[in-house]
Amino acid sequence: MKVNSPLQIYKYLPQTNCGECGEATCMAFASHLLDRSKKVADCPPLLDDKYKKKYLELSELLAPEIREVIAGVGETAVKIGGDDVLYRHQLTFFNPTVLAYDVTDTMSEEELVDRVKRISGFKKFYVGSFLKLNMVAVRSTSNDPERFKRAVKKVSETTTLPLILCSFNPDVLAAGLEVSADKKPILYAATKENWQQVSELALKERTPVVLFSPGDLDELKTLAVSFREMGIEDLILDPGTYPRGEQLKTTFQNFLKIRRAGIKEGQKDIAYPLMATPITAWMVNEDPIRASYWETVLASVFTVRYGDVMIMHSIEPYALIPEVLIRETIYTDPRTPVRVDPGVYEVGNPTKDSPVIVTTNFALTYYTVESDLSSNDIDCYLATVDTDGIGVEASVAGGQLTAAKIKETFDNAGFDFKEKTSHNTVILPGLAARLQGDVEDVTGLNVKIGPPDSGRIPGWMETNWPPK
Amino acid sequence: MVKKLKINDVIELLKDADVEALEGVTFEGDIELEIEETTGIDSLFAYTLGEETAKIGLYLLNLARSIGYPVDQIARIQAQPPTPSAPKLSKLIESKFTVGTIDEWKTPIEEVTLGATSSDGGTRGHTITLGGERALPYYFDAPMPNRNYVTIDVFDMPISMAKTVKSNYEDVMEDAGEWAKKVVNEFDADMVTIHLISTDPLIKDTPAVEASKTVEEVLQAVDVPIVIGGSGNPAKDPEVLERAAEVAEGERCLIASANLNMDYERIAAAANKYGHVVLAWTQLEINAQKELNRKLMKQCGVDRDRIVVDPTTAALGYGLDYAYTNMERIRLAGLIGDEELNFPMSSGTTNAWGAREAWMVSSPLKEDSDWGPREYRGPIWEIVTGLTLALGGNDLFMMMHPGAVKVLKEITQTLFGSIKTDETNLSNWVAEVLA
Ligand code: B12
Ligand code: SF4
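Residues numbered from 1 in each chain as written. Chains lettered and ligands numbered in written order. Predicted model: local features only at pLDDT ≥ 70, side-chain atom pairs only at ≥ 80, totals over all residues. Heavy atoms only, no water.

## A word on the overall build of chain A
The helix and strand inventory of chain A stands at 17 helices and 17 strands. Dimensions along the principal axes, computed over C-alpha positions, put chain A at roughly 80 × 60 × 40 Å. Within chain A, contacts between residues at least 6 apart in sequence are counted, and of these 65% link residues at least 24 apart. Computed over 52 positive and 65 negative side-chain charges, the separation of the two mean positions in chain A equals 3 Å. (Helix = DSSP H or I, 4+ residues; strand = E, 2+ residues; numbered from the N terminus. Contact = heavy atoms within 4.5 Å. Lys, Arg positive; Asp, Glu negative; His and termini not counted. Charge placed at Lys NZ, Arg CZ, Asp CG, Glu CD.)

## Side note on the environment of B:L316
On the secondary structure map, B:L316 appears in the loop between β11 (307-310) and α9 (320-335). Owing to a relative accessible area of 0%, B:L316 belongs among the buried residues under this scheme. Residues B:L316 and B:W353, 37 residues apart in the sequence, show an inter-C-alpha distance of 9.5 Å. Each residue touching B:L316, except ones within four places of it in the same chain, is listed here: A:P322, A:L325, A:I326, A:T329, B:A355, B:W381, B:V384 and B:T385. (Buried < 20%, exposed > 50% of the residue type's maximum accessible area, 1.4 Å probe, protein only.)

## Some thoughts on helix α5 (residues 145-158) of chain A
All names here are of chain A. Taking 1.5 Å of rise per residue, 14 residues should cover 20 Å, and α5 covers 20 Å from first to last C-alpha, within 8% of that figure. Looking at the packing, one finds that the buried side of α5 touches β3 (98-104), α4 (109-121), β6 (135-139), β7 (163-166) and α6 (170-178). Measuring from the backbone nitrogen of E146 back to the side-chain oxygen at the start of α5 gives 3.0 Å, which picks out D144 as the cap. (Expected span 1.5 Å × (residues − 1). Polar contact = N/O pair within 3.5 Å; in protein donor to acceptor, adjacent residues only side chain to side chain.)

## So, the packing of helix α11 (residues 317-331) of chain A against helix α11 (residues 374-392) of chain B
A packed helix pair is summarised by two numbers, namely the angle formed by the two axes and the spacing between the axes. For the pair α11(A) and α11(B), interaxial distance at closest approach is 10 Å and the crossing angle is 30°. By the angle between their directions, the pair α11(A) and α11(B) is classed as roughly parallel. The element α11(A) and its partner α11(B) pack so that their crossing is right-handed. Facing α11(A), whose interface residues are A:Y318, A:I321, A:P322, A:L325, A:I326 and A:I330, α11(B) presents B:Y376, B:R377, B:I380, B:W381, B:V384 and B:T388. (Axes fitted to C-alpha atoms, helices over the stretch in contact; angles between N-to-C directions. Parallel < 35°, antiparallel > 145°, perpendicular 65-115°, else oblique. Left-handed = near helix turned anticlockwise from the far one by under 90°.)

## Some thoughts on the pairing of strand β10 (residues 235-238) of chain A
Along a regular strand, successive side chains alternate from one face of the sheet to the other. All names here are of chain A. Neither face of β10 is open: one carries L235 and L237, the other I236 and D238, and all of them are buried. As paired strands, strand β9 (residues 209-212) and β10 are joined by four bridges and run parallel to one another. Bridged to L211 within β10 is L237. A crossover connection joins β9 to the parallel β10 through helix α8 (residues 217-229); in handedness this β-α-β unit is right-handed. (Pairing = 2+ DSSP bridges. Right-handed = clockwise from strand over helix to strand, strands pointing away.)

## Here's the deal with the domain arrangement of chain A
Partitioning chain A into structural domains gives domain 1 (6-62), domain 2 (68-330) and domain 3 (343-464). Taking only C-alpha atoms, the centre of domain 1 of chain A and the centre of domain 2 of chain A are 34 Å apart. (Domains from an automatic or database assignment.)

## Side note on the interface of chain B and chain A
Residue-level contacts link 109 residues of chain B with 116 residues of chain A. Between chain B and chain A the total buried area reaches about 9,900 Å² when both faces are included, carbon and sulfur atoms providing 62% of it. Inspection of the chain B/chain A interface yields 11 salt bridges. Applying the counting rule to chain B against chain A returns 39 residue pairs in polar contact (both at pLDDT 80 or more). Looking at the side of chain B that touches chain A, the elements that each hand over two or more residues are β2 (32-37), α2 (44-66), β3 (74-80), α9, α10 (356-359), α11, α12 (402-416) and α13 (429-432) of chain B. In terms of residue count, α11(B) provides more of the side of chain B that touches chain A than any other element does, 11 residues in total. Counted by class, the side of chain B that touches chain A contains 55 nonpolar, 24 polar and 30 charged residues. (Buried area = accessible area lost by both parts, 1.4 Å probe. Salt bridge = Lys/Arg side-chain N within 4 Å of Asp/Glu carboxyl O. Nonpolar A, V, L, I, M, F, W, Y, C, P; charged D, E, K, R; others polar.)

## Here's the deal with the pattern of salt bridges
For the structure on display, the rule yields 46 salt bridges over all chains. Between B:R331 and B:E133 there is a salt bridge whose closest N-O contact spans 3.4 Å. Residue B:R331 is located in helix α9, and its partner B:E133 is located in the loop between β5 (128-131) and β6 (149-155); the two are separated by 198 residues in the primary sequence. When salt bridges that share partners are traced, they join A:E109, A:K153, A:K154 and A:E157 into one network.

## Focus on the sheet that holds β10(A)
Residue and element names in this part refer to chain A. If you walk across this open sheet you meet the eight strands as β10-β9-β8-β7-β6-β3-β12-β11, and the pairing is parallel. The open sheet has two edge strands, β10 and β11 (275-276), and neither has a second partner. Sitting on the sheet, α4 touches β3 and β6, and the angle it makes with β3 is about 170°.

## Focus: the site of ligand 1
Near ligand 1 lie 37 residues; those nearest to it are A:T365, A:G389, A:V392, A:Q400 and B:Q283. At 2.7 Å, a backbone N or O of A:G389 approaches a nitrogen atom of ligand 1. Within the backbone of A:V392, an N or O atom sits 2.7 Å from an oxygen atom of ligand 1. Looking at the shell around ligand 1, the elements with two or more residues in it are β14 (356-360), α12 (363-375), α13 (392-398) and β16 (425-428) of chain A. Broken down by element, the shell around ligand 1 gets its largest block of residues, six residues, from α13(A). (Near = heavy atom within 4 Å.)

## Regarding the sheet that holds β6(B)
Residue and element names in this part refer to chain B. Strands sit in the order β11-β10-β9-β8-β7-β6-β13-β12 across an open sheet of eight strands; the sheet is parallel. A single partner strand is all that each edge strand has here, and the edge strands are β11 and β12 (346-347). Pairing analysis gives four bridges linking strand β9 (residues 254-258) to strand β10 (residues 277-281), with the strands arranged parallel. Residue A256 lies in a different strand from β10, and its bridge partner there is L279.

Right under this line is the structure:
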């Protein structure tokens, strides 16, 4: 982004404060453009012909430093790259690292279909939604165009996830593209050997293409400059992910160098998204658990430092769960408040005999507790106390979760225990056990202490509910 | 879905709408527009269409909008000339890649040595030096002078811990000395942390004098530098740590910890008097960290080379985003000259085991995909938590699972540059990965 104050942006807006963008003023809209929470096209008047020049200029000024590349089509399409900063606290990182998992064209059809289904079916609940995997990388291990074509066809019949077509043989890539071009797959990869044929494929089908030049940044830049000259701009750079030793150290530094050149030094020639291939861990580790661990380690390193899309192999839960969570960690917007509205919520269809459970309004806490309850079909009332978005343990320690606050939550919601319950009882989190006496005194309710982790509420209910 | 429309088709579409402006307009050639149904019209429009085509495109868009064509759902319009106008290349355009180093990183991180050998009045076999960085970890701007180190937790009484961890320690939990030996001899710990947890009034309320005997035991059992931890009880810790510092006089231990809501002056005074290093612990708050460090230096007279900071570790999925960014900001601030923050950092990486993904048998959520065996989830949780912080600038890791220690050491030392292996040839990895 070439601007750093809303004032610079304001100059390009219609300045009528018409409010169509949903903001009260053009200046307010300008600050949203700056923090990238709104897009230029969200100002309808600016789309008018008379502002065409300003629209185009502003779009150019606001374009992210690192190019954003789109692969796939429809709902599962992925955005890759598009970052503006080197550290997340400077703004936030955009477009979470796209995670692709491989299949090969030498797998049996049954094996292939099963694996694709596992990849596209994987989900892990986190703060109110499910984390998922994004792409399937089809590797040609046969080097046979016909076989590759069949595999690609089968994969795209089985899943709507976008594909990465992987081969260094342009004939193989061409065959795969024949049956998948309309799905806008990524071509992996153009190299200094095959660049002429691969560039033709990319031009013809207008698909994003990865440039691969292991360990040689001059060559990688040479490819990038040449492809751009040929009119191909949806580029992704793979400087090679060496799986161990000094080569891995160099790989890490190559990622830093390319991203620094792109963002800090504004070198447009190299300001493209980066691909890492932690899957190479499998080239140097025989034992599958060790390979899977090492692959997850590499995936974590390159999620933290600038990998925008990655190809992996292991779909073991102990690899996938940390991979999707480290991605959340790095891409969570540090600017958004992580809290939910306080109140007394119904989970399922509570009756007079259902439990009343107390928790805090820290989003992570609330969603964890709520999903533990609803997924186990526990009908109940969930009282969410306004602790300024702090979790249970820290808010007990910091004084935001108190007996008075708990009472206030029920009072504000007009929740009358006599009318709504047959038991006059609340359940406190195990980590808030020390509030028990206070809550009894202040509310006059019976207080039961639940387990420390809400995941254990179902088991705890078996012996502790209904209260005797 | 992508819709391909030729400009002439658009004109055809618009014809019935009786759009005056189009009358008499003819287009040379046939430009193809690719319309993708997502959101908003973006800047690519400008790049890819070129000025002239862009004009036409925008113009048509506005026309289309005026007759109700759903252009507001259109994300990108890209011109697709039938024959690419860009030149075909017969050979690559040779280019050189260059990038600079960061000038602003002028202030090195303090170097802090832990442990003292006989020549310095201690009994340790060797010392360990933390810090000294002049760049973010493993960056190419300046070599990293000291590697990362791991200290493994030992407790002065059996405690409850995740099953996957516990299975490694069941035979030594009753004896801190044996426990310490095991982590050094079998699990490759660089250091040992002895946590005097039993001193907590709510646990066993072990008197400080008695607890300090455990410290002596550990010092005799192993000759690596040690960390001495209290129970975390702010009222009792000063007394416990004071006494422990006294029995470990001259060993240059890391005293864990001083924090703002306790009598940190007593901890600092004990460390000064008996020759130790202070761990300054705050909870995910950069300003609190500055305040504590300032107080330790100015008010308590602790030397700069006797401070290590612990800005708090939260587990992967449970606040690691705060912990990571907090550390990275502290490190960056230190490097550009904030002398209240340029100290080596330590992480209570074992906090990772608090995450349910690390220890629960299976997901409490029916909708989740299968979580698989927890024996593999726990260690990787500890590894990824530590590794993320390593990348943010953390120097010393307090850990528990031997497998996690092994892998974390391997990756941090690889990035540090001290692990040499055979070279790998990636030129045909796509076909060569056998898995
Ligand atoms: C992240 C964190 C913070 C963040 C909080 C971010 C936030 N929005 O909450 C910040 C930096 C702000 C913070 C500050 C402080 N923190 Co803090 N913090 C943590 C940390 C690292 C993780 C906590 C967390 O997010 N857990 C995850 C959430 C989901 O857990 P949860 O809310 O408890 O919910 C679970 C259970 O309680 C249960 N549950 C929830 N509701 C219900 C309901 C029922 C009925 C049941 C049965 C169960 C149940 O299930 C949930 C899922 O497992 C912990 C250490 C750790 N545990 O790793 C320290 C920790 C909680 N903090 C601590 C302290 C002391 C503080 C401070 C007081 C420090 C200070 N001196 O300033 C401040 C207080 C700030 C305030 N209250 O204003 C201590 C608390 C010690 C204690 N037991 O009293 C801890 C344990 C660290 C430590 N070892 O000392 N902290
Ligand atoms: S829609 Fe555009 S012109 Fe109207 S207030 Fe928003 S920014 Fe200003």
